[in-house]
Amino acid sequence: MLRKADLRAKCETDLQSVLPRAAALAHIDLLDAVEKAVGHEIVLEPSAFTEQFPVADPLDPALAEIFRGPRLYKLWVGAMRKLIVSAAEVSIDDPMYELVVIAKMQGFKISTDFRAALRLAFGTEIHPGVITREMALRVDKALERRKRQRVRQSLAMLDRLRTLSAVREKGLLSDTPIGQMPHFGKNGRIRRPLPESLAQLADGLPTYHRQRLNVVYETAVAKGLLVASESPRLEDIADPDFLLKLGDVLEAEHSKQTAAAYLGSWRRAVTLIPTSGE
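To keep things clear, this report deals only with the structure shown in the data block. (Residues numbered from 1 in each chain as written. Predicted model: local features only at pLDDT ≥ 70, side-chain atom pairs only at ≥ 80, totals over all residues. Heavy atoms only, no water.)

**Structural notes on the overall build of the chain**
Worth spelling out the cut-off: The way it works is that DSSP assigns letters per residue, a run of H or I at least four long becomes a helix, a run of E at least two long becomes a strand, and they are numbered from the N terminus. The size measure is the radius of gyration over C-alpha atoms, and the globule rule it meets is 2.2 Å times the number of residues to the 0.38 power. Think of it in three bands: with a 1.4 Å probe and only protein chains considered, a residue is buried below 20% of the maximum accessible area for its type, exposed above 50%, and partly exposed in between. Every residue pair with non-hydrogen atoms within 4.5 Å of one another is taken to be in contact. Method for areas: the Shrake-Rupley scheme with a 1.4 Å probe, in which residue coverage is limited to the protein chains shown. Charge counting follows a simple rule: Lys and Arg are positive, Asp and Glu are negative, and His as well as the terminal groups are ignored. Charge placement uses NZ in Lys and CZ in Arg. For Asp and Glu, CG and CD serve respectively.
Helix and strand content of the chain: 15 helices and zero strands. For 278 residues, the compact-globule estimate of 2.2 N^0.38 gives 19 Å, and the chain exceeds it by more than 25% at 30 Å. By principal-axis analysis of the C-alpha atoms, the chain measures approximately 95 × 40 × 30 Å. Looking at the chain as a whole, 40% of its 278 residues qualify as buried. Partitioning the intrachain contacts of the chain with sequence separation of at least 6 by distance along the chain shows that 62% fall at a separation of at least 24. As displayed, the chain has an accessible area near 15900 Å², and 52% of this comes from carbon and sulfur atoms. Positive and negative side-chain charges of the chain, numbering 40 and 36 respectively, have mean locations separated by a distance of 6 Å.

Set out below in structure tokens:
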């Protein structure tokens, strides 16, 4: 059963979205007065609360003294119903809830969307402690831009929270950070910096050649011709067989003219041969 202290805590930590915090707490303060008037603790369960406080019946004299008439009483009953239903959706044993409480206690400005965004991405039963970088990268890539931004903000908050001793002591999060999420280009592909071997070759080339190198490198990684975590050897990326495969994947995504321009810039960098039409 939802306790009044839990309801107040959820309102104080913004774990309800039906009323502004100040208004929600004001209604709970009135609950104190109502309990004193009726002489017992109120059951904070939607159906039981509705049964105890019907809005159609004549107002109890003890309650009339508190609310000064049926209008404010009906407003209070309606607001409390919403708060109870909203709060009932959040378990006190929910690790997400515990993280929000700790964040508030530490003075963090944590979004009211924190929990919803993570559950949107990873499912309603997800424990924040099991979210790894690999999981985050997989989900991140599948999300459309607005949802991706929401989830990234929550992931960044997880990394901030995992530095707190209270979070570590409760075992709510692992010590391993998720880290910064990748940038995506207009084609939806992950933007990747050139590895050291290619970056050295790109030095001194015109800007448009360097930009083309980035596109070709990202394509080669996406198509499995290169590995993002490795710096390729010059003899491998200048090999005729590799260049043939690279030309094929570029032509599959671009016009022949554009693919030839991309491949020409790559050849210029890796073989130090000027491209035609410069």
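Next comes the rest of the description.
**Topic: the pattern of salt bridges**
The following threshold applies: In what follows, salt bridge is the name for a side-chain nitrogen of Lys or Arg lying within 4 Å of a carboxyl oxygen of Asp or Glu.
What the rule picks out here adds up to 12 salt bridges. Among the charged side chains, a network of salt bridges with common partners joins Lys4, Arg8, Asp29, Asp32 and Glu35.

**Focus: the packing of aromatic side chains**
The line we're drawing: In summary, the pairing rule links any two rings of Phe, Tyr or Trp, Trp by its six-membered ring, whose centres are within 6.5 Å, and it sorts them by plane angle into stacked for under 30 degrees, edge-to-face for over 60 and tilted for everything else.
Tallying each qualifying case throughout the model produces six aromatic pairs. With centroids separated by 5.5 Å and ring planes inclined at 90 degrees, the aromatic side chains of Phe53 and Trp76 adopt a geometry described as edge-to-face. Placement of Phe53 in the loop between helix H3 (46–52) and helix H4 (61–67) and of Trp76 in helix H5 (residues 70–88) is noted, with a sequence separation of 23 residues between them. Overall, Trp76 belongs to the buried group, its relative accessible area being 1%. Plain terms: the ring middles of Phe242 and Trp266 are 6.3 Å apart, the flat faces sit at 35 degrees to each other, and that makes the pair tilted. Here Trp266 lies in helix H15 (residues 256–271) and Phe242 lies in helix H14 (residues 240–253), a separation of 24 residues in the sequence. Trp266 matches Phe242 in its accessibility class, with the two residues each being buried.

**Quick look at the packing of helix H7 (residues 114–122) against helix H9 (residues 145–161)**
Filter applied, for reference: Between the N-to-C directions of two axes lies an angle of 0 to 180 degrees, each axis being a line fitted to C-alpha atoms and, for a helix, fitted only over the stretch in contact. Angle categories: roughly parallel below 35 degrees, roughly antiparallel above 145, roughly perpendicular from 65 to 115, and oblique for all the rest. Helix crossings are classified by the rotation of the near helix relative to the far one: an anticlockwise turn of less than a right angle makes the crossing left-handed, while a clockwise turn makes it right-handed. Residues are grouped as follows: Ala, Val, Leu, Ile, Met, Phe, Trp, Tyr, Cys and Pro are nonpolar; Asp, Glu, Lys and Arg are charged; every other residue, Gly included, is polar.
Where H7 contacts H9, the two axes come as close as 9 Å, and the packing angle between them is 115 degrees. Considered as vectors, H7 and H9 are oriented roughly perpendicular to each other. Note on packing geometry: the crossing formed by H7 with H9 is left-handed. Here Phe114, Ala116, Ala117, Leu118, Leu120, Ala121 and Phe122 of H7 lie close against H9, whose contacting residues are Lys147, Arg150, Val151, Ser154, Leu155, Met157, Leu158 and Leu161. Its residues placed into classes, the contact of H7 with H9 shows 12 nonpolar, one polar and two charged.

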